[in-house]
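Summary of structural features
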Amino acid sequence: METGTHFDREHCVRAVQSKDARFDGWFFTAVLTTRIYCRPSCPVVPPKAENMTFYPSAAACQQAGFRACKRCRPDTSPGSPEWNQRADLVARAMRLIADGVVDREGVPGLASRLGYSTRQVERQLLAELGAGPLALARAQRAQTARLLVETTPLPMAEIAFAAGFSSIRTFNDTVREVFALSPSELRARAPKGRTSAPGTPGTLALRLPFRAPLNPDNLFGHLAATAVPGVEEWRDGAYRRTLRLPYGHGIVALTPKPDHIACRLALSDLRDLTVATSRCRRLLDLDADPVAVDDHLRTDPLLAPLVDKAPGRRVPRTVDGAEFAVRAVLGQQVSTAAARTHAARLVTAHGKPLDDPEGGLTHLFPSPEALAAVDPETLAMPRTRRTTFTTLVGQLADGTLHLGVESDWAEARARLLDLPGFGPWTVDVIAMRALGDPDAFLATDLGIRRAAGELGLPATPAALTSRAEAWRPWRAYAVQYLWATDSHPINFLPV
């Protein structure tokens, strides 16, 4: 390897020769003779091993002068699982870059969110990924530009600015350099029928790739069973919800397919495409490496039958960490139905209304600032829960507490535990679904304890936590397999 990943050269060569799609996004193969870079599963005849060199990011390939393969389209690979299973500086930076922070706030804004100097951030990204934040953001802009060129009838000038380019000239030069085609040539080569209908301005139809296997049952079942009326719904085989985005708002419909997730996005401002796509991928945990997770959990003989029965379970996450934290408080010690009712009342009273052409969605979930202004006496909950609620939204609104993609997991956990009314269950469920910690474990959850008892695992929280040490660093996935032993609606794909 030239830089950063934990794979050695021999490992990478074998993956390319076997066309192993599991490693798409983990690393990229650059061919010295053709100056083209590919994903490991590229369908063309593999190059000779001596002509291969390897990079941990598409940006590093582009920076080294390689062009994207027109067959395997390496820039559309699933993201590296590394960035969602780590909480160090590089992983947090990559999550922020995917969320469009560099395009909106520049490298100084990225560094400020991370609490480091720009020089430290650039040095660490370059050391591990072979490219700095500007190059990584540029590669992302190029991918967004190609997506808009190939799937919309928008004029090229609108695409350039929607993708985050500062000028049409920079857009044209970047597309030619990365893809060896002009924007108009890219559009001419696009498969027919992929362009969005002219009558649906701002609506895009995308394919979100993932590493197989993916079991959609608990993933979409959980989202549908806990959906907040007005903000979320299950309709015609798709999970739909509203999105608060940096430049505007959106509505997304996500439908599970055998080899991808069909994503239909309606955006009020196309500049939000990159961040909306990133948040949908995060919501569905699409960058996970299910083979690595399942292989590890199978080493426990009591978990192995659950994994073998339905492999590829993902952790349902969230598009908004602050929203999920509020909903977690509303769900303390009440049923799923009651939690949905409480959240729906907040949405109706304090959410921002929006128009849904399909008629099912009505509001954005209220922002922390809006909820911080709510009179506590109007909240239909016990007084102690009101204190928990008002303290949480107050700290989210004033910036004392951050639950975004940039969050340091350990620091966020500590701050949550300091809040009144926050015990282990609330902190761990927020860590698992809002922070994205793949090792979060709900040892005190009643469903987990019941499943543990039925399987012959220790049923007390302390003993179960001790046994679960062997499941690290994938305990959040073990939670999904344990929950799946129950007949609760969260475990079943809606019909």
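Residues numbered from 1 in each chain as written. Predicted model: local features only at pLDDT ≥ 70, side-chain atom pairs only at ≥ 80, totals over all residues. Heavy atoms only, no water.

1. Quick look at the overall build of the protein chain
Within the protein chain one finds 23 helices and 11 strands. Taking 495 residues into account, the globule formula puts the C-alpha radius of gyration at 23 Å, and the protein chain, at 23 Å, falls close to it. Judged by the C-alpha coordinates and their principal axes, the protein chain covers about 65 × 50 × 50 Å. Counting only contacts in the protein chain whose residues sit at least 6 apart along the sequence, the fraction spanning at least 24 positions is 67%. Counting only carbon and sulfur atoms, one obtains 54% of the accessible surface of the protein chain, whose full area is about 20,000 Å². The positive charge centre, built from 59 side chains, and the negative charge centre, built from 53, are 4 Å apart in the protein chain. (Helix = DSSP H or I, 4+ residues; strand = E, 2+ residues; numbered from the N terminus. Rg over C-alpha atoms; globule rule 2.2 N^0.38 Å. Contact = heavy atoms within 4.5 Å. Areas by Shrake-Rupley, 256 points an atom, 1.4 Å probe, with all protein chains shown as cover. Lys, Arg positive; Asp, Glu negative; His and termini not counted. Charge placed at Lys NZ, Arg CZ, Asp CG, Glu CD.)

2. Comments concerning the side chain of Ser407
Turning to its location among the elements, Ser407 is positioned in the loop between α18 (383–398) and α19 (409–417). Once you skip the residues sitting within four places of it in the chain, Ser407 turns out to touch Arg92, Arg95, His402 and Leu435.

3. Looking at the confidence of the model for the protein chain
Residues at a pLDDT of 70 or more form 96% of the protein chain, whose mean pLDDT is 92. Below pLDDT 50 for its whole length, residues 1–5 participates in 23 contacts with residues either more than four positions away or in separate chains. (pLDDT = per-residue confidence, 0-100.)

4. Thoughts on the packing of helix α13 (residues 290–297) against helix α23 (residues 475–483)
Viewed as axis vectors pointing N to C, α13 and α23 meet at an angle of 75 degrees, and their least axial separation amounts to 10 Å. What the angle tells us is that α13 and α23 run roughly perpendicular. Residue-level contacts link Val293, Asp294 and Leu297 of α13 to Tyr477, Ala478 and Tyr481 of α23. Among the residues making up the contact of α13 with α23, the classes are represented as 5 nonpolar, no polar and 1 charged. (Axes fitted to C-alpha atoms, helices over the stretch in contact; angles between N-to-C directions. Parallel < 35°, antiparallel > 145°, perpendicular 65-115°, else oblique. Nonpolar A, V, L, I, M, F, W, Y, C, P; charged D, E, K, R; others polar.)

5. Let's talk about the pairing of strand β5 (residues 203–208)
Burial along β5 is one-sided: Leu204, Leu206 and Leu208 are buried, while Thr203, Ala205 and Arg207, pointing the other way, are not. Examined bridge by bridge, β5 and strand β9 (residues 261–267) share 6 bridges and lie antiparallel to one another. Considered in β9, the bridge of Leu208 is made with Ile261. (Buried < 20%, exposed > 50% of the residue type's maximum accessible area, 1.4 Å probe, protein only. Pairing = 2+ DSSP bridges.)

6. Remarks on the side chain of Thr277
Mapped onto the fold, Thr277 is located in helix α12 (residues 273–283). Only 2.9 Å separates the side chain of Thr277 from the backbone oxygen of Leu273, close enough to count as a polar contact. What Thr277 contacts, discounting residues up to four positions off in sequence, is Leu206, Leu208 and Leu265. (Polar contact = N/O pair within 3.5 Å; in protein donor to acceptor, adjacent residues only side chain to side chain.)

7. Brief notes about the pattern of salt bridges
Going through the model one piece at a time under the given rule, you end up with 40 salt bridges. A salt bridge links Arg169 to Asp173; the shortest N-O distance between them is 4.0 Å. A residue pair is termed a helical-turn pair when its members lie 3 or 4 positions apart in one helix, as Arg169 and Asp173 do in helix α9 (residues 168–179) at 4 residues. Linked by salt bridges that have partners in common, Glu233, Arg235, Arg240, Arg264, Asp356 and Glu358 make up one network. (Salt bridge = Lys/Arg side-chain N within 4 Å of Asp/Glu carboxyl O.)

8. Details of helix α4 (residues 89–98)
Of all 10 residues making up α4, 9 are buried, and the element is well covered by its neighbours. Within the span of α4, buried status applies to Leu89, Val90, Ala91, Arg92, Ala93, Met94, Arg95, Leu96 and Ile97. For α4, the secondary structure elements touched by its buried residues are α3 (82–85), α5 (101–114), α6 (118–129), α7 (133–151), α12 and α19. Taken from the residues just after α4, Gly100 is the one with a positive phi, measuring 85 degrees.

9. Considering the sheet that holds strand β4 (residues 67–68)
Taken in spatial order, the 4 strands make up an open sheet running β3-β1-β2-β4, and their pairing is mixed. The open sheet has two free edges, formed respectively by β3 (52–55) and β4, since each of these has just one partner strand. The pairing of strand β2 (residues 36–38) with β4 spans 2 bridges and is parallel. By the bridge assignment for β4, Tyr37 is matched with Ala68. Helix-sheet contacts for helix α1 (residues 9–17) involve β1 (28–31) and β3, and the interaxial angle to β3 is about 105 degrees.

10. Here we look at the sheet that holds β5
Read across the sheet, 5 strands follow the order β5-β9-β8-β7-β6 without closing on themselves; strand pairing throughout is antiparallel. Single-partner strands in this sheet number two, and they are β5 and β6 (232–235). Within the sheet, the average angular offset between the axes of one strand and its neighbour, ignoring direction, is 20 degrees. Relative to β9, strand β8 (residues 249–256) runs antiparallel, the two sharing 7 bridges.

11. What about the environment of Ala304?
On the secondary structure map, Ala304 appears in helix α14 (residues 304–309). Judged by relative accessible area, which is 14%, Ala304 ranks as buried. In this structure, the C-alpha to C-alpha distance between Ala304 and Val31, residues 273 residues apart in sequence, is 40 Å. Ignoring sequence-local partners within four residues, the contact set of Ala304 consists of Leu297 and Arg298.

12. What to know about the pairing of strand β7 (residues 238–244)
Burial analysis of β7 places 6 of its 7 residues in the buried class, the great majority of the element. Where β6 meets β7, 4 bridges bridge the pair, whose relative direction is antiparallel. Considered in β7, the bridge of Trp234 is made with Tyr239. Counted between consecutive antiparallel strands, the loop separating β6 from β7 contains 2 residues, among which Asp236 sits at a positive phi close to 50 degrees. Count of turn residues in the β7/β8 antiparallel hairpin: 4 residues.

13. Things to note about the nonpolar core
Leu297, Val326, Phe389, Ile430 and Trp471 are the most contacted members of the largest nonpolar core, which totals 61 residues. In contact with Val326, other than residues within four places in its own chain, are Leu346, Phe365, Leu371, Phe389, Leu392, Val393 and Leu396. If you look at the next biggest cluster of nonpolar residues, it comprises 51 residues, including Phe28, Cys61, Ile261 and Leu286. (Core = buried A, V, L, I, M, F, W, Y, C linked by side-chain atoms within 4.5 Å.)

14. Observations concerning α12
Counting buried positions along α12 gives 11 out of 11 residues, so the element sits mostly inside the fold. Within the span of α12, buried status applies to Leu273, Thr274, Val275, Ala276, Thr277, Ser278, Arg279, Cys280, Arg281, Arg282 and Leu283. Directly after α12, the chain includes Asp285, whose backbone phi takes a positive value near 55 degrees.

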